[in-house]
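Below are the chains, spelled out letter by letter.
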There are 2 protein chains.
Amino acid sequence: MISKKMKRLVENSSIIRAMFEEGTRLSEIYGEENVFDFSIGNPNVKPPEDVKKAIIDILSEEEPNLIHGYMNNSGYEDVREQIANYITKKDGVKLTANNIVMTCGAAGGLNIILKSLLNPEDEVITFSPFFGEYANYVDNFYGKLVVVKSQDGTFQPDINALEEGINERTKAIIINSPNNPTGVIYSETTIKNIAKVLEKKQKEYGTSIFLISDEPYREIVYDDIEVPVILKVYKNSFIGYSYSKSLSLPGERIGYIAVNGEMDNFEDVIASLNVANRILGFVNAPSLFQRVVGRTLGAEVDVNIYKKNRDLLYNHLISIGFECIKPEGAFYLFPKTLIEDDKKFAQIAKKYNILLVPGTAFGSPGYCRLSYCIGYDKIEKSLEAFTKLAKDCRNL
Amino acid sequence: MISKKMKRLVENSSIIRAMFEEGTRLSEIYGEENVFDFSIGNPNVKPPEDVKKAIIDILSEEEPNLIHGYMNNSGYEDVREQIANYITKKDGVKLTANNIVMTCGAAGGLNIILKSLLNPEDEVITFSPFFGEYANYVDNFYGKLVVVKSQDGTFQPDINALEEGINERTKAIIINSPNNPTGVIYSETTIKNIAKVLEKKQKEYGTSIFLISDEPYREIVYDDIEVPVILKVYKNSFIGYSYSKSLSLPGERIGYIAVNGEMDNFEDVIASLNVANRILGFVNAPSLFQRVVGRTLGAEVDVNIYKKNRDLLYNHLISIGFECIKPEGAFYLFPKTLIEDDKKFAQIAKKYNILLVPGTAFGSPGYCRLSYCIGYDKIEKSLEAFTKLAKDCRNL
């Protein structure tokens, strides 16, 4: 009775639901403190104090019908200007309020970008491993997701594979750096090479190919690594940003799109994002939290907490024989599984009360994703379980 | 470069934008206090004090990562249960948390319902005059909106026309009561007759036909009129609800869907709404405001303010010769225009600094919509302008 598309999706998602239920079941048997749930990217670090202060200040200083009312579908003009000025200053790209559209997180942002760009059968390229939702977002508008492999060993996009993947139907490329699930940050060279290929192919086909940079982890970066600024490198570029991780506000659904001012048909694109925000039912990004992020620009969660988690888990996994890139950002490890079959590996891990996501969910079998945005104590406690898991796999 | 669908929508919406710009232009010339903007449904009545109190209580009593974190895509279990219990008690329909999906307002709710139900080319019926966004929501999923006329004089749906409009591709009916733009409330008889026709047609075609009741104005009701409870009358029914009007929180994007527990394929539908919420990019309804509405159930804006506005404007319009149904709910008047061409009428109204929306935008030429959710003083001041407008039209 539900649509054919949704029927298929519901069947697939019930596999993931089954996994969550497994977590609940294990918690009931062994106690929540003895279950090591590395499966979900729900930040455990507290939002900065500025957030609470901003909410209370706004409630006492501003008019309730302004705080909670409708505004332009693109968001409050003053907030968009504050964000534009912040980016201009921080990243050295000249933006104004006209370049910014406030969105319901990065997920809302990506959907209105794709709604704006895609005709049915248009192709969108991304690099595996990739955040599985991209496939759904593209399918929402009857587009086709084309997955191109990253380079083995580095998880940097394979530029030759990208070039081969582009054709006259290619409308956009989605990149995600710092990356979910690998934690890798795309280098300046990578970004420049992607831009070069896109420019070449735009000329070859006489089309516009848009670069969509999904950046919810932009501030979750370790060891003073710089995340390259996409808007400086490629004209037809969007940034999809979310405050979910930088302010630990994933449930509030607040983010923005920054649109390159030199984009082809800039005015049409902006107008379209505005209309798409409205007609997809977002209408506008939640109003109070628009005002909150406008007042807390530059505030960030304590990234050191995630860094300590990373170091603890990474060092242990390496010491017991896992192969894994040391992530420079985000809060995920993406090690090779100790046996080839990643789904079976996830099953075995459950014996030790470890919950993780098989790499297959990200288009990369033979790997698994571990979200380390959980308590340090919990990770400490889990190390022994990982050791047992490794031993078990070696004896198979 | 943007998609063909969006190109068309952007061109249409720029006509509406031009109207807003006209408002700004008039304000600059004559002063904002001398421009009578009846074009937008942005509530001017303050949210109840309970809302502010609830926000502050939540911030001081609950854990920040719980307040602002991810939860099930359908929303917080405890909030859904509170809402279910509230509806059960108020309306006498037995609901549990399983019947409720928290949404980004009613617009988000309608979109995830339609995403869940529609295959391309499926038909959705609504009654004119209708909220123009329904056409976009249905088109988002490649469905086809079929508009059936209401009865002249009452704006109650024409049941015979409904019966004729249904065929084997009819997947859903959208109704909206209290109605935007007419302010009419569908009677118990109307609802029962709609249900009868749908049941008959379901049998005839061996299909499920879903009734989607869009109810953002449920609490904006005058003169002790009762709004019939859809869930009591028809099994395959959804309520799409929003707190935008009852709590004056339109910018916060908070509402819910209530799903009839006896619906065909209930489990699949619920699972699908959950997945659709996620993949369309809503992910979940904004988290803090989920908790706020859970704590403020039963709180309402002061509807008397709207009632006074209605009486003032309605009585004046009637006294100067307008034909108009006296609205029983919502905050709109939908009079016949004094000349046949409603677009031309809107142009003439502008001469007197009156901004209104031509009925054509709602599928009903020859009428216009006046939103009276503005200050009483402003309405008082506008009456003379309406008198001049009426005189002008009579002399044409």
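For the structure, see preceding data.
Residues numbered from 1 in each chain as written. Chains lettered and ligands numbered in written order. Predicted model: local features only at pLDDT ≥ 70, side-chain atom pairs only at ≥ 80, totals over all residues. Heavy atoms only, no water.

K.L.:
Where do I start with the sheet that holds strand β6 (residues 210-214) of chain B in this structure?
P.N.:
Two pairing modes exist for strands in a sheet, parallel and antiparallel, and in both the strands are linked by backbone hydrogen bonds. All names here are of chain B. Read from one edge to the other, the open sheet built from seven strands follows the order β2-β8-β7-β6-β5-β3-β4, with strand pairing classed as mixed. Looking at the sheet topology across the chains shown, the edges are occupied by β2 (100-103) and β4 (144-149). The sheet shows a mean angle of 25 degrees between the axes of neighbouring strands, direction not considered. With four bridges joining them, β2 and strand β8 (residues 255-259) adopt antiparallel strand pairing. The residue bridging M102 from the neighbouring strand is Y256, located in β8. (Pairing = 2+ DSSP bridges. Helix = DSSP H or I, 4+ residues; strand = E, 2+ residues; numbered from the N terminus. Axes fitted to C-alpha atoms, helices over the stretch in contact; angles between N-to-C directions.)

K.L.:
What is the right way to read the pairing of strand β3 (residues 123-128) of chain A from this model?
P.N.:
A regular strand places its side chains so that they alternate between the two faces of the sheet. Residues and elements named next belong to chain A. Extensive coverage of β3 is indicated by the burial of six of its six residues. The sheet contact formed by β3 and strand β4 (residues 144-149) spans six bridges and is parallel. When the bridges of β4 are listed, E123 appears paired with K144. For the handedness criterion, the β-α-β arrangement of β3, helix α6 (residues 133-140) and β4 is classed as right-handed. The pairing of β3 with strand β5 (residues 170-176) spans four bridges and is parallel. If you follow V124 over to β5, its bridge partner there is A172. (Buried < 20%, exposed > 50% of the residue type's maximum accessible area, 1.4 Å probe, protein only. Right-handed = clockwise from strand over helix to strand, strands pointing away.)

K.L.:
In this structure, what is going on with the interface of chain B and chain A? I would like to understand it.
P.N.:
It is common to give the size of an interface as the accessible area lost on bringing the parts into contact. Listed per partner, the contact involves 76 residues of chain B and 76 residues of chain A. Buried area between chain B and chain A, summed over both chains or domains, comes out near 6100 Å², and the portion from carbon and sulfur atoms is 56%. Summed over the three residues of chain B that lose the most area to chain A, namely M1, H68 and Y70 of chain B, the buried surface amounts to 12% of that side. Residue D268 of chain A is joined to K7 of chain B by a salt bridge in which the shortest nitrogen-to-oxygen separation is 2.5 Å. Put simply, chain B and chain A have 46 residue pairs in polar contact (both at pLDDT 80 or more) between them. Only α1 (4-30), α2 (49-61), α3 (64-67), α5 (105-117), α6 (133-140), α10 (266-279) and α11 (287-295) of chain B provide two or more residues apiece to the side of chain B that touches chain A. At eight residues, the largest contribution of residues to the side of chain B that touches chain A is made by α10 of chain B. When grouped by side-chain class, the residues that make up the side of chain B that touches chain A number 37 nonpolar, 24 polar and 15 charged. (Contact = heavy atoms within 4.5 Å. Buried area = accessible area lost by both parts, 1.4 Å probe. Salt bridge = Lys/Arg side-chain N within 4 Å of Asp/Glu carboxyl O. Polar contact = N/O pair within 3.5 Å; in protein donor to acceptor, adjacent residues only side chain to side chain. Nonpolar A, V, L, I, M, F, W, Y, C, P; charged D, E, K, R; others polar.)

K.L.:
Would you explain the packing of aromatic side chains in this entry?
P.N.:
Aromatic ring pairs are described here by two measures, namely the spacing of the ring centres and the angle between the planes. Taken as a whole and judged by the stated rule, the model has 32 aromatic pairs over all chains. Taking the centre distance of 5.4 Å and the plane angle of 90 degrees together, the rings of Y217 of chain A and F331 of chain A count as edge-to-face. One end of the pair, Y217 of chain A, is in the loop between β6 (210-214) and α9 (230-233); the other, F331 of chain A, is in the loop between α12 (303-319) and β9 (332-333), with 114 residues separating them in the sequence. Note on accessibility: Y217 of chain A and F331 of chain A belong to one class, buried. Taking 5.1 Å as the distance between ring centres and 5 degrees as the angle between the ring planes, the aromatic pair formed by F334 of chain B and Y367 of chain B counts as stacked. With F334 of chain B in the loop between β9 (332-333) and α13 (342-351) and Y367 of chain B in the loop between β11 (357-358) and β12 (368-371), this pair connects stretches of sequence that are 33 residues apart. Exposure remark for F334 of chain B: the relative accessible area of 2% places this residue in the buried category. Of the residues examined, Y367 of chain B reaches a relative accessible area of 16% and is grouped as buried. Every member of this aromatic cluster is reached through a ring pair, and the members are F155, F334, F362 and Y367 of chain A. The ring of Y142 of chain A carries K5 of chain A above its face, with NZ or CZ at 3.5 Å from the centroid. (Phe/Tyr/Trp six-rings, centres within 6.5 Å; stacked < 30°, edge-to-face > 60°. Lys NZ or Arg CZ within 6 Å of the ring centre and 35° of its normal.)

K.L.:
I tried to follow α10 of chain B on my own but got confused; where do I start?
P.N.:
Within an α-helix, residues lying three or four positions from one another point in the same direction, as the helix has 3.6 residues per turn. Residues and elements named next belong to chain B. The terminal C-alpha atoms of α10, which comprises 14 residues, lie 20 Å apart, in line with the 20 Å expected from a rise of 1.5 Å per residue. Of all 14 residues that make up α10, 12 are buried, and the element is covered over most of its length. Turning to α10, its buried residues number three or more, namely F266, V269, I270, A271, S272, L273, N274, V275, A276, N277, R278 and I279. Positive phi appears at G281, one or two residues downstream of α10, with a value of about 100 degrees. (Expected span 1.5 Å × (residues − 1).)

K.L.:
Can you help me understand the sheet that holds β5 of chain A in this one?
P.N.:
All names here are of chain A. One open sheet accounts for seven strands, arranged β2-β8-β7-β6-β5-β3-β4; its pairing is mixed. Two strands bound the open sheet, and with one partner strand each, they are β2 (100-103) and β4. The sheet shows a mean angle of 25 degrees between the axes of neighbouring strands, direction not considered. Pairing between β5 and β6: five bridges, direction parallel. Among the inter-strand pairings, A172 is bridged to a residue of β6, identified as F210. Where helix α10 (residues 266-279) meets the sheet, it contacts β2, β7 (237-242) and β8 (255-259), and its direction lies at approximately 160 degrees from that of β8.

K.L.:
When you look at the relation of the copies chain B and chain A in this model, what are you seeing that I'm missing?
P.N.:
Two copies of one chain are present, and they are related through a rotation about an axis combined with an axial shift. Mapping chain B onto chain A leaves a residual RMSD of 0.0 Å; the transformation is a rotation of 180 degrees accompanied by 0.0 Å of translation along its axis. In symmetry terms, the pair is related by a two-fold rotation axis. Comparing contact sets, 100% of the residues at the interface of chain B also lie at the interface in chain A, consistent with an isologous, same-surface contact. (Least-squares fit on C-alpha atoms with pLDDT ≥ 70 in both.)

K.L.:
Would you take a moment to explain the pairing of β6 of chain A for this structure?
P.N.:
Residues and elements named next belong to chain A. Burial runs high along β6: five of the five residues are buried. Burial of β6 is two-sided: the residues F210, I212 and D214 facing one way and the residues L211 and S213 facing the other way are all buried. Across four bridges, the pairing between β6 and β7 is parallel. When the bridges of β7 are listed, I212 appears paired with F238.

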